[in-house]
Amino acid sequence: MKPQLSDKWALITGASSGIGEEFANQLAAKGMHLILTARREDRLQQLAEKLFQLHGTKTVVIPADLIQPEGVEKLIKEIRSLPDPVTLVVNNAGFGEVSSIENSDLQKLIDIVQVNISVVTRLTYEFLPEMMARNDGGVINVSSVTAFQPVPYMGVYSASKAYVLHLSEALWAELYESDVRITALCPGPTKTEFFDKAGATSWLSKNFAHTSSQVVSKALQYYESSHPFCIPGIKNWLLALVTKFGRRRRVVWEARKVFHKLAKEKQTEKVD
Ligand SMILES: NC(=O)c1ccc[n+]([C@@H]2O[C@H](COP(=O)([O-])OP(=O)(O)OC[C@H]3O[C@@H](n4cnc5c(N)ncnc54)[C@H](OP(=O)(O)O)[C@@H]3O)[C@@H](O)[C@H]2O)c1
């Protein structure tokens, strides 16, 4: 059965750009009211105004830096002060970094673990019990196709997305007998600010990528049909499948060829 979304509330993390912003567009178009969070408050406010004009839906903006534990606590406290329950959590905020071992910023890698793993775990377990008590609601956790294989020079990022996929699939099975659902979204390359921020500035100009709109439409379709995971695009789906059958060392070696080049490019840019 399709979940009832209209006139209910969704929390979207990382809604100030890219895939998160598009979740806001598409969920508001379905009549959902939104709690939007990210660090760039101005962008969230602009988005809230746009959504109200287009759809007449309500939006609460809660700026927070999810790297900081106090940012996460503030977000939860402010959500708890709202009168209506959260029916959908979209754990989308996340980032990655292309770097070799010797050029890695260790604090940044720890911050990736905090935002991509700890915050996803916290928000998932914070809201699922009450959804189960109401037998209504669910979670979309944004993972990645990199969840299906280790990615050299993006090891922490790809491992964080494997965690998100495994956790979501495990919870999907736990929730099987309830109407509460959970879907891990595993996009391939998507046209957002992600690559510039990760230091892979040339990626989008040289490779195929989906739009956020394509990725989010598929995600919502799969969430509504209660699928445990969603890989948008046949090419990405095949890639994920191939990694299952190849020898593990061969799979990681093939990935190394691509990402070694990226890490080198980034290093050269730094020196220039
Ligand atoms: N683009 C791709 O090819 C791709 C592929 C697979 C998976 N993904 C995943 O998709 C998700 C969305 O990324 P995107 O591609 O849409 O990139 P994006 O445009 O860079 O969006 C990332 C979002 O996360 C937020 N965020 C990052 N660090 C944060 C922090 N410390 N506190 C609060 N919010 C934070 C950003 O907001 P502020 O900077 O305003 O805080 C922004 O709204 C990520 O989980 C990413 O790993 C992306």
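Preceding block: the structure.
Remember, predicted model here, so these are calculated numbers, not experimental data.

What follows covers the packing of helix α1 (residues 18-29) against helix α8 (residues 212-224). At a closest axis distance of 9 Å, the pairing of α1 and α8 adopts a crossing angle of 60 degrees. Looking at the two axes, α1 sits oblique to α8. Of the two elements, α1 crosses α8, and the hand of that crossing is right-handed. Side by side, α1 and α8 meet where Gly18, Ile19, Glu22, Phe23 and Gln26 of the first sit next to Ser212, Ser213, Val215, Val216, Ser217 and Leu220 of the second. Its residues assigned to classes, the contact of α1 with α8 comprises five nonpolar, five polar and one charged.

This part is about the pairing of strand β5 (residues 138-142). Successive residues of a regular strand alternate their side chains across the two faces of the sheet. Across the five residues that make up β5, a large majority, five, are buried. Alternating positions in β5 separate into two faces, Gly138, Ile140 and Val142 on one and Val139 and Asn141 on the other, with burial throughout. On the question of chirality, the crossover connecting strand β4 (residues 86-91) to the parallel β5 by way of helix α4 (residues 106-134) is right-handed. For the crossover from β5 across helix α5 (residues 155-174) to strand β6 (residues 181-185), the handedness is right-handed.

The buried fraction of β6 amounts to five of the five residues, a majority that puts the element mostly inside the structure. Alternating positions in β6 separate into two faces, Arg181, Thr183 and Leu185 on one and Ile182 and Ala184 on the other, with burial throughout. Taken together, the two bridges between β6 and strand β7 (residues 229-230) define a ladder with parallel strand orientation. Within the sheet, the bridge partner assigned to alanine 184 lies in β7 and is phenylalanine 229.

In this section: the sheet that holds β7. Sheets are built from strands that pair by backbone hydrogen bonding, the pairs being arranged parallel or antiparallel. Read across the open sheet, the seven strands follow the order β3-β2-β1-β4-β5-β6-β7; overall the sheet is parallel. Strands with a single pairing partner mark the edges of an open sheet, and in this sheet they are β3 (59-61) and β7. Across the sheet, helix α2 (residues 41-55) touches β2 (33-37) and β3, and the angle it forms with β3 is around 175 degrees. Sheet strands in contact with α4 are β4 and β5, and its direction is about 160 degrees off that of β4.

Here we take up the site of the ligand. Surveying the vicinity of the ligand reveals 28 residues, the closest of which are Gly14, Gly18, Arg39, Gly94 and Thr192. Secondary structure elements with two or more residues in the shell around the ligand: α1 and α6 (194-198). Split into classes, the residues belonging to the shell around the ligand amount to 12 nonpolar, 11 polar and five charged.

Our next topic: unusual backbone geometry. Despite not being glycine, aspartate 7 shows a phi value in the positive range, around 70 degrees. One can find aspartate 7 in the segment before β1 (9-13). For serine 226, which is not a glycine, the phi torsion comes out positive at approximately 65 degrees.

Among the nonpolar cores identified, the biggest contains 74 residues, and Ala10, Ile12, Ala24, Leu34, Leu36, Cys186 and Ala219 are the most heavily contacted of them. Among the elements that make up this core, the one with the highest residue count is α4 (eight residues). The residues contacting leucine 36, other than those within four sequence positions of it, are Ile12, Ala15, Ala24, Leu44, Leu47, Ala48, Thr59 and Val61.

Here we come to the packing of α4 against α5. It is at 9 Å that the axes of α4 and α5 come closest, and there the two elements cross at 10 degrees. By the angle between their axes, α4 is roughly parallel relative to α5. Residues Leu109, Ile112, Val113, Asn116, Ile117, Val120 and Thr121 of α4 lie in contact with α5, whose contacting residues are Val156, Tyr157, Ser160, Lys161, Tyr163, Val164 and Leu167. Among the residues making up the contact of α4 with α5, the classes are represented as 10 nonpolar, three polar and one charged.

Assignment of secondary structure puts valine 120 in helix α4. For valine 120 and alanine 255, which are 135 residues apart along the polypeptide, the C-alpha to C-alpha distance reads 26 Å. Valine 120 has contacts with Asn91, Asn141 and Val164, leaving out every residue within four places of it along the chain.

An ideal rise of 1.5 Å per residue puts 21 Å on 15 residues; α2 measures up with 21 Å between its terminal C-alpha atoms. All buried positions along α2 are accounted for by Leu44, Leu47, Ala48 and Leu51. Buried residues of α2, viewed axially, fall in a sector of 105 degrees; they line one side. Along α2, the residues that are exposed and aim more than 90 degrees away from the buried face are Asp42, Glu49 and Gln53. On the buried face of α2, the contacting elements are α1, β2 and β3. Following α2 by one or two positions, glycine 56 has its phi on the positive side, about 70 degrees.

About the criteria used
- Residues numbered from 1 in each chain as written.
- Predicted model: local features only at pLDDT ≥ 70, side-chain atom pairs only at ≥ 80, totals over all residues.
- Axes fitted to C-alpha atoms, helices over the stretch in contact; angles between N-to-C directions.
- Helix = DSSP H or I, 4+ residues; strand = E, 2+ residues; numbered from the N terminus.
- Parallel < 35°, antiparallel > 145°, perpendicular 65-115°, else oblique.
- Left-handed = near helix turned anticlockwise from the far one by under 90°.
- Contact = placed C-beta atoms within 7 Å.
- Nonpolar A, V, L, I, M, F, W, Y, C, P; charged D, E, K, R; others polar.
- Buried ≥ 20, exposed ≤ 12 C-beta atoms within 10 Å, placed from the backbone.
- Right-handed = clockwise from strand over helix to strand, strands pointing away.
- Pairing = 2+ DSSP bridges.
- Near = placed C-beta within 6 Å.
- Core = buried A, V, L, I, M, F, W, Y, C linked by C-beta atoms within 7 Å.
- Expected span 1.5 Å × (residues − 1).
- Arc of directions from axis to C-beta.

None of this, on its own, says anything about what the molecule does.
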